[in-house]
Amino acid sequence: MANVKLENVTKRFGPITAINKLNFEVRSGEFFVLLGPTGAGKTTTLRCVAGLEKQDEGDIYIDNVNVNSFDPAHRDVAFVFQYYSLYPHLTVRENLEFPLKPKHRKLPEDEINRRVVEVAKILHIDHLLDRRSDKLSGGEMQRVSIGRAIVRKPKVFLMDEPLSNLDAKLREELRSELKHLQIDLGATFFFVTHDQVEAMTMADRIAVLNKGRILQMGAPFDIYNHPANMFVASFVGSPAMNFFKAEIVKNEVLVPEDNIKFSIFKEHLSKLGNFQGNVVLGIRPEDISLSLERKEGFASGNIYNIENMGMEKIVSIKTKNYTFKVVTKADFEAPINEKVYFNFDMQKAHYFNLETRDNLITP
C-alpha cells in the first residue's frame, strides 16, 4: 500500500492546458475515484502519475517519495487500461506470467506459478488459464487485464475506465468484484471514470474534475448531498438535478416565470444570511412530490412524459417555462398532458449564485 500525492501538477499539450495545478492526495489503502466528463483531464492525470506523461509543472509523490525523475518501470504502479492490454497469441496463464518475467524481478518459477494461480482464483478465471486470450469474452479479458496488474503486487493500482467497454450487467457485476478485491487486498486504487454510478458505488472518496481543475472532493454522500457548484450538482445524480431561475424574497423562494412559490427551510435561511435576490434553485427529482389532486401549497403543471424504470417511474412535468423530472413510485398512473400538482422538499433544496454558480449553502 502507498499514498499518491500531487502538488500543483500541470500538463499542457501545445496551447491546451489538460490539467491545471492539481493538488490532492490518494490515501494509502483507499479506493479513490477521479470523476469527470470526456476531456476533463482524467486520463492525463493518471498517465502523469504512471510516468507515461511528464508533467510541465508540479511534483508527484508515491509512498511519500518524489517520483518526478523516475521512469514508469521504477514507480511500482500497475496500470489497467480502458482497452484490454493482452497478448492475443498467449494463453491466460502466459499473460498473467508476463509481468513477472523481466530479469530485474528475479522471481523463481514456483513463486510465479503460485502468484498466477492465486490471482486466477481471486478473479474466477482459474478455469481459463490454458485458453488463448483472443478466445475470451470481454468480461474475461478485463479480468485477465486486472489480474496482470494484481500479480505484480504494486504499490498502487491505476485504472483508466476499465469497465466502460462492458455491457451494463457485466459492469454492475465487476463493480462489486473490484470493490471487494480492493478491500481484500488492502490496496490503493486510483480509478478514473466518467460514470457517476461507478464513482458513487465504489469510491471511498471522489474528486470531480472538469476542464483540468478539481471542483470538489469528498465522500460520495457529501458530493451528492452537498454539491459545491452547479456543475457537480448536475453531473452527479441520475436523473440530473432540476434547476430553476428564482428569487429569494424574505423567507420565500419564487420562480416568477411560472408563479411557483415555496417557503425556505429555516436552517437554510440562517445559512443564506441576509441574501436576497436572484438565485438558481436546484432540486433533485427524488425530492419532489406529485399529486393528481389539488393540495394546499402545491404548484401545478402537466405531465409531459413518463418513463417506466421498473421499480420507479421518472415523470417529466411541464410548466409554462420549464420541463423538469420527478422520480416517483412505480404504481403512479396518469395520462400524458394530465394536470398534476407538485411540491418541493425544501429541506433538500439547493441555492446557487447566478453568476459564479457556486452553492450558497455549505454544510
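Residues numbered from 1 in each chain as written. Predicted model: local features only at pLDDT ≥ 70, side-chain atom pairs only at ≥ 80, totals over all residues. Heavy atoms only, no water.

Peer 1: How do you make sense of the sheet that holds strand β4 (residues 57-62) when you look at a structure like this?
Peer 2: The strand order across the open sheet formed by four strands is β2-β1-β4-β5, and the pairing between neighbours is antiparallel. Unpaired on one side and paired on the other, β2 (16-26) and β5 (65-66) mark the two borders of the sheet. As paired elements, strand β1 (residues 4-13) and β2 share seven bridges and run antiparallel to each other. The residue of β2 that forms the bridge with Val 9 is Leu 22. (Pairing = 2+ DSSP bridges. Helix = DSSP H or I, 4+ residues; strand = E, 2+ residues; numbered from the N terminus.)

Peer 1: Before we go on, may I ask you to explain the packing of helix α4 (residues 138-150) against helix α5 (residues 168-185) in this structure?
Peer 2: Between two packed helices, the angle of one axis relative to the other and the distance separating the axes together describe the packing. Between α4 and α5, the shortest axis-to-axis distance is 12 Å and the interhelical angle comes to 15 degrees. On the basis of their axis angle, the class for α4 and α5 is roughly parallel. The handedness of the crossing between α4 and α5 is right-handed. Residues Gly 139, Arg 143, Ile 146 and Ile 150 of α4 touch α5, and the partners they reach there are Leu 170, Glu 173, Leu 174, Glu 177, Leu 178, Leu 181 and Leu 185. The class makeup of the residues in the contact of α4 with α5 is seven nonpolar, one polar and three charged. (Axes fitted to C-alpha atoms, helices over the stretch in contact; angles between N-to-C directions. Parallel < 35°, antiparallel > 145°, perpendicular 65-115°, else oblique. Left-handed = near helix turned anticlockwise from the far one by under 90°. Contact = heavy atoms within 4.5 Å. Nonpolar A, V, L, I, M, F, W, Y, C, P; charged D, E, K, R; others polar.)

Peer 1: Any chance you could explain the pattern of salt bridges here in plain terms?
Peer 2: Where charged atoms of side chains with opposite charge meet at close range, the side chains can pair. Evaluated as defined, the whole model comprises 17 salt bridges. The salt bridge involving Asp 63 is made with Lys 155; its shortest N-O contact spans 3.7 Å. Pair noted here: Asp 63 is in the loop between β4 and β5 and Lys 155 is in the loop between α4 and β7 (156-160), with a separation of 92 residues, a long-range link. Assessed through its relative accessible area of 30%, Lys 155 is described here as partly exposed. Through salt bridges with shared partners, one network takes in Glu 111, Arg 114, Arg 115 and Glu 118. (Salt bridge = Lys/Arg side-chain N within 4 Å of Asp/Glu carboxyl O. Buried < 20%, exposed > 50% of the residue type's maximum accessible area, 1.4 Å probe, protein only.)

Peer 1: Before we go on, may I ask you to explain unusual backbone geometry in this structure?
Peer 2: For residues besides glycine, phi is generally negative; the peptide bonds are generally trans as well. Residues Ser 238 and Pro 239 are joined by a peptide bond in cis, for which omega reads 0 degrees. Turning to its location among the elements, Pro 239 is positioned in the loop between α8 (230-235) and β11 (242-249). For Asn 259, which is not glycine, the phi torsion reads 55 degrees and is therefore positive. Along the chain, Asn 259 falls in the loop between β12 (252-255) and β13 (260-263).

Peer 1: Would you take a moment to explain the environment of Lys 5 for this structure?
Peer 2: Looking at where Lys 5 falls in the secondary structure, it is placed in strand β1. Residue class for Lys 5 comes out partly exposed when judged on its relative accessible area of 27%. The sequence separation of Lys 5 and Asn 66 amounts to 61 residues, and the corresponding C-alpha distance is 9.1 Å. Excluding residues within four positions of it along the chain, Lys 5 makes contact with Phe 24, Glu 25, Asp 59, Ile 60 and Tyr 61.

Peer 1: Help me understand the sheet that holds strand β10 (residues 213-218) in this model?
Peer 2: Note: strands within a sheet are paired through backbone hydrogen bonds, in either parallel or antiparallel orientation. Read from one edge to the other, the open sheet built from six strands follows the order β6-β7-β8-β3-β9-β10, with strand pairing classed as mixed. Single-partner strands in this sheet number two, and they are β6 (77-80) and β10. Between one strand axis and the next, the sheet turns through 15 degrees on average, direction left out of account. Two elements, β6 and β7, share four bridges in a ladder whose sense is parallel. Across the sheet, the residue bridging to Ala 78 is Phe 157, located in β7.

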